[in-house]
Structure formats: C-alpha cells, structure tokens
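These are the residues of each chain, in order.
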Amino acid sequence: MGKNSSLTDEEKKFFMSEAISEAKLAEAKGEVPIGAIVVHRGKIIGRGHNIREISQNATTHAEMLAIQEACGKIENWRLAESQLFVTLEPCPMCSGAIILSRVDEVYYGAKDPKAGVAGSLMNLLEDVRFNHQCYVEFGILEKECGEILTSFFKKLRERNKERKKLKQLEQKNVNKD
C-alpha cells in the first residue's frame, strides 16, 4: 500500500500500554481482557474494553466502544488522522467499523488465529477492494498483550475445572442420601 506509520516506537509502546490498561479493566470485571484506544493528533480520544458478558451484547467489543467514544469526542463519524491501538487483532465486525470510521492506522499486540482479520485469517483493513484502507502493524508489546489473555483463559479453565469437580462431588453426596 505504501503507507508508513506516523508514530515513533516510543509512542506506539506508550499508546499500547494504555490499551493494555483498558484490557486490565475488562479482566477486573471478569471479561475477556481486550482493550483499545483511539488516538487523534497525538491525544487519546476514545477508550474501550470488552463488556460483552456484562452487557449481554455481542457488539460491545473494545474497538467498537473506543470508536464510539472517539466519534462522540470529535463530533464526527470520520476518524481521519487517527490511530487505533488494540491488544488483540480485530475481528470482522471491528475491522468493518474501523474501515467505516476511516481510521488511518491500526496497531495491535497479539494475533488472533481464530478470528483475526487484520492479517491472520485475512486482511480486511488493507484490502484495496474497500473504499478505505488502513496502515496495519502488529506485535506492539505483543508479549504483554498475549500474556494477559493466556493468563485469563488459564484461570478460567482452572475455575471451570474446580466447578465441575464440586458439581460431581455434590452429585455423589446426593446419590448417597
């Protein structure tokens, strides 16, 4: 495509650390820890983290919420001159919102081989068939972004395993009576 990043490595790390802070907010709420921010002319204008379980709404992904807040902040649906930072590679829905909102650059930490469409399964964001393309870069604080997800799902599996054991034990006790 020929586009280049407009940010320094230090800026990328700083903004991704802000997205990681959003992911930690999601984790504290028991949500899958994914966070996103939108930067416009060097300032954070939108923040979001997953709240699907709380909202029971499939569209409340981190990117969607950050984009909504950013559009509200600048009172424009076009986020030209903006960058989006997200801890996990965007899904098809979020990539669609990114394209439609005209975000210029997308930076993400960890790849998502099961649902990512910014390079893993396909790359919607750089597809020239759309009327807008983004510069895409991955691997920004990749280790940190990946670890927060890995740790969350490990704890979730352990919790589910314990619940299963307790349920089996309860069932045994019921059968004894």
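The chain has the name tRNA-specific adenosine deaminase in an unreviewed UniProt entry, where Vagococcus intermedius is given as its organism. Regarding the chain, the UniProt comment filed under Subunit (unreviewed entry) reads as follows: "Homodimer." Turning to the chain, the UniProt record has this under Catalytic activity (unreviewed entry): "adenosine(34) in tRNA + H2O + H(+) = inosine(34) in tRNA + NH4(+)".

1. Brief notes about the overall build of the chain
Each helix and strand counted, the chain has 5 helices and 5 strands in total. Counted from the first residue to the last, the chain has its helices and strands arranged as α-β-β-α-α-β-α-β-β-α. Along the first, second and third principal axes, the C-alpha set of the chain runs to 70 × 30 × 30 Å. A total of 177 residues make up the chain; the buried ones form 45% of that total. Put simply, 59% of the contacts in the chain that link residues at least 6 apart link residues at least 24 apart. Distance from the positive charge centre (27 side chains) to the negative charge centre (26 side chains) of the chain: 7 Å.

2. Quick notes on the UniProt feature "active site" (unreviewed entry) in the chain
The feature "active site" (unreviewed entry), as annotated in UniProt, sits at Glu63 in this numbering. Locating Glu63 in the fold gives a position in helix α3 (residues 62–74). The class for Glu63 is buried, based on a relative accessible area of 4%. Other than its neighbours up to four places away in sequence, Glu63 contacts Ala36, Leu84, Val86, Leu88, Pro90, Cys91 and Cys94.

3. Details of the UniProt feature "domain: CMP/dCMP-type deaminase" (unreviewed entry) in the chain
In this numbering, the UniProt entry assigns the feature "domain: CMP/dCMP-type deaminase" (unreviewed entry) to residues 10–121. The distance separating the terminal C-alpha atoms of residues 10–121 is 29 Å; by composition the span is 40% helix and 23% strand.

4. Digging into the layout of surface pockets
Space inside the largest pocket adds up to approximately 490 Å³. Contributing to the lining of the largest pocket are 22 residues, with Val32, Ile34, Leu88, Asp112 and Leu149 lying nearest its centre. Classifying every residue of the lining of the largest pocket by side-chain character gives 11 nonpolar, 4 polar and 7 charged.

5. Points about helix α1 (residues 9–28)
With 20 residues, α1 extends 29 Å between its outermost C-alpha atoms, agreeing within 8% with the 28 Å of an ideal straight helix rising 1.5 Å per residue. When we look at burial in α1, the residues that qualify are Lys12, Phe15, Met16, Glu18, Ala19, Ile20, Glu22, Ala23 and Ala26. Looking at the buried side of α1, the elements it contacts are β1 (35–40), β2 (43–49), β3 (82–88), β4 (105–110), β5 (135–138) and α5 (142–176). Gly30, located one to two residues past α1, shows a positive phi value of around 80 degrees.

6. Description of the state of the cysteines
For the structure shown, the criterion picks out 0 disulfides. Among the cysteines around Cys71, which has no disulfide bond, Cys134 carries the closest sulfur, lying 13 Å off.

7. Topic: the environment of Arg52
Mapped onto the fold, Arg52 is located in helix α2 (residues 52–55). Put simply, Arg52 and Thr8 are 44 residues apart on the chain and 33 Å apart in space, counted from C-alpha to C-alpha.

8. Some points on the pairing of β4
Judged by how many residues are buried, β4 sits mostly within the fold: 6 of 6 residues are covered. As judged from the 5 bridges shared by β3 and β4, these two strands associate in the parallel manner. Each bridged residue has a counterpart across the sheet, and for Leu84 the counterpart in β4 is Val106. Following the chain from β3 across helix α4 (residues 92–100) to the adjacent parallel β4, one finds a crossover that is right-handed.

9. Quick word on α3
At 3.6 residues per turn, the α-helix brings residues three or four places apart onto the same side. End to end, α3 covers 19 Å across 13 residues, agreeing with the expected 18 Å (1.5 Å per residue, within 8%). Of all the positions in α3, only Ala62, Glu63, Met64, Leu65, Ala66, Ile67, Ala70 and Cys71 are classed as buried. Once α3 finishes, Glu75 follows within two positions and takes phi at roughly 55 degrees, a positive value.

Rules used throughout
Residues numbered from 1 in each chain as written. Predicted model: local features only at pLDDT ≥ 70, side-chain atom pairs only at ≥ 80, totals over all residues. Heavy atoms only, no water. UniProt positions renumbered as here; feature names shortened; annotations may be inferred. Helix = DSSP H or I, 4+ residues; strand = E, 2+ residues; numbered from the N terminus. Buried < 20%, exposed > 50% of the residue type's maximum accessible area, 1.4 Å probe, protein only. Contact = heavy atoms within 4.5 Å. Lys, Arg positive; Asp, Glu negative; His and termini not counted. Charge placed at Lys NZ, Arg CZ, Asp CG, Glu CD. 1 Å grid on protein atoms, 1.4 Å probe; cavity = no way out; pocket = protein on both sides within 12 Å on 5 of 7 lines; lining within 4 Å. Points joined across faces, edges and corners; volume = space filled by probe spheres on them. Nonpolar A, V, L, I, M, F, W, Y, C, P; charged D, E, K, R; others polar. Expected span 1.5 Å × (residues − 1). Disulfide = S-S within 2.5 Å. Pairing = 2+ DSSP bridges. Right-handed = clockwise from strand over helix to strand, strands pointing away.

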